[in-house]
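Given next are the chains, with one letter for each unit.
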Number of protein chains: 2
Amino acid sequence: MNETTITAQPDTPFIEVVREFDAPRERVFRAWTDPVLVPQWLGPRGMTMKLFEFDATPGGSYHYIHADERGEYGFRGVFHNVVPDELIIQTFEYEGAPNQVSLETLRFEDLGGGRTRVHGRTVYTTVENRDAMVASGMEHGVRDSMERLDEVLAR
Amino acid sequence: MNETTITAQPDTPFIEVVREFDAPRERVFRAWTDPVLVPQWLGPRGMTMKLFEFDATPGGSYHYIHADERGEYGFRGVFHNVVPDELIIQTFEYEGAPNQVSLETLRFEDLGGGRTRVHGRTVYTTVENRDAMVASGMEHGVRDSMERLDEVLAR
């Protein structure tokens, strides 16, 4: 099992996530950007995901909902830049906390031998918003997502 | 003369800019979002501005160049959200430092009596990128821009 490393240093507005995958970089990147594949892994287990918009190109937008028996949770953002197989820079907003927006940079590193490392760095507008995101249990959602992505890549 | 307050606390990735204007909020907001007005004030004095794209709507993009006799400086980004007269949330990238992207939140506050306060808060992906932006002389560009905007609003 590949480990998911999540780092949130105190008194900073950053969250870093590093994860390796036993799959070539172009397949990992595709899973992150293909609107058919994304709903198969993004989000905690037990949630269904509905994509209303997902255009992973420079200037494109996304809007989706995670739903379970307790309710629906909407998320939206724009893609500042997308470089195939290498880089995604996007904004992120949970609709339950309107206009508290973060900026995420994802880099896809080819490790050779059909393996890939993804570095994610998210910066929040305030340290308080970052702390609230950590307190919300995002760590659980990220770990679930990464394991579900392993399963998608193994198919 | 209204003062421009620029705050960049050490060891943080934030820059805050606060500025008041002797003009109603809807006029200030319009100057910030109208592609005809923006080139009349945005940027340091002595630069000309060419807008290639400027769509200040949610999901819209912008791309412009500042030019003087020494060269051309390109900037691009996307609008995450735009609420008329109230709020702009946008990404920002100087093309000379590719993929070093920042996220800016601008709030327009109606002070009454035909006066407006604009609060800008920008967060950079790293403290180093924020420090580099401060060292680049952005303060000079911001102060010039705010004074030029006063002139546009006085017309």
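Residues numbered from 1 in each chain as written. Chains lettered and ligands numbered in written order. Predicted model: local features only at pLDDT ≥ 70, side-chain atom pairs only at ≥ 80, totals over all residues. Heavy atoms only, no water.

- Under an unreviewed UniProt entry, the name given to chain A is SRPBCC family protein, and the source organism is Streptomyces fildesensis.

1. Considering the packing of aromatic side chains
And then number 1: One pass over the structure, following the stated rule, counts 22 aromatic pairs over all chains.
And then number 2: Both rings, one in Phe54(B) and one in Phe79(B), keep their centres 5.7 Å apart while their planes meet at 80 degrees; by these two values the pair is edge-to-face. A residue pair is termed long-range when its members are at least 10 positions apart, and Phe54(B) in strand β3 (residues 48-54) and Phe79(B) in strand β5 (residues 71-83) qualify at 25 residues. Of the two residues, Phe54(B) and Phe79(B), neither departs from the other in class, the shared state being buried.
And then number 3: One aromatic cluster is present, formed by Phe54(A), Tyr62(A), Tyr64(A), Phe75(A), Phe79(A), Phe92(A) and Tyr94(A) through successive ring pairs.
And then number 4: Above the plane of the ring of Phe14(B) lies Arg121(B), whose end atom (NZ or CZ) is 4.1 Å from the centre. (Phe/Tyr/Trp six-rings, centres within 6.5 Å; stacked < 30°, edge-to-face > 60°. Helix = DSSP H or I, 4+ residues; strand = E, 2+ residues; numbered from the N terminus. Buried < 20%, exposed > 50% of the residue type's maximum accessible area, 1.4 Å probe, protein only. Lys NZ or Arg CZ within 6 Å of the ring centre and 35° of its normal.)

2. Digging into the pattern of salt bridges
All names here are of chain A.
And then number 1: According to the stated counting rule, one finds 28 salt bridges over all chains in the structure shown.
And then number 2: With its nearest N and O atoms 3.7 Å apart, the salt bridge here joins Glu147 to Arg45. Here Arg45 lies in the loop between α1 (25-33) and β3 (48-54) and Glu147 lies in helix α3 (residues 138-154), a separation of 102 residues in the sequence.
And then number 3: A relative accessible area of 29% places Glu147 in the partly exposed class.
And then number 4: With a relative accessible area of 39%, Arg45 lands in the partly exposed category.
And then number 5: Across the pair Glu139 and Arg143 runs a salt bridge, and its minimum N-O distance is 2.9 Å. With Glu139 and Arg143 both in helix α3 and 4 residues apart, the pair spans about one turn of that helix.
And then number 6: Using a relative accessible area of 35% as the deciding quantity, one classes Glu139 as partly exposed.
And then number 7: The class of Arg143 is partly exposed, set by a relative accessible area of 31%.
And then number 8: One salt-bridge network, held together by shared partners, links Glu20, Asp22, Glu109, Arg115 and Arg117. (Salt bridge = Lys/Arg side-chain N within 4 Å of Asp/Glu carboxyl O.)

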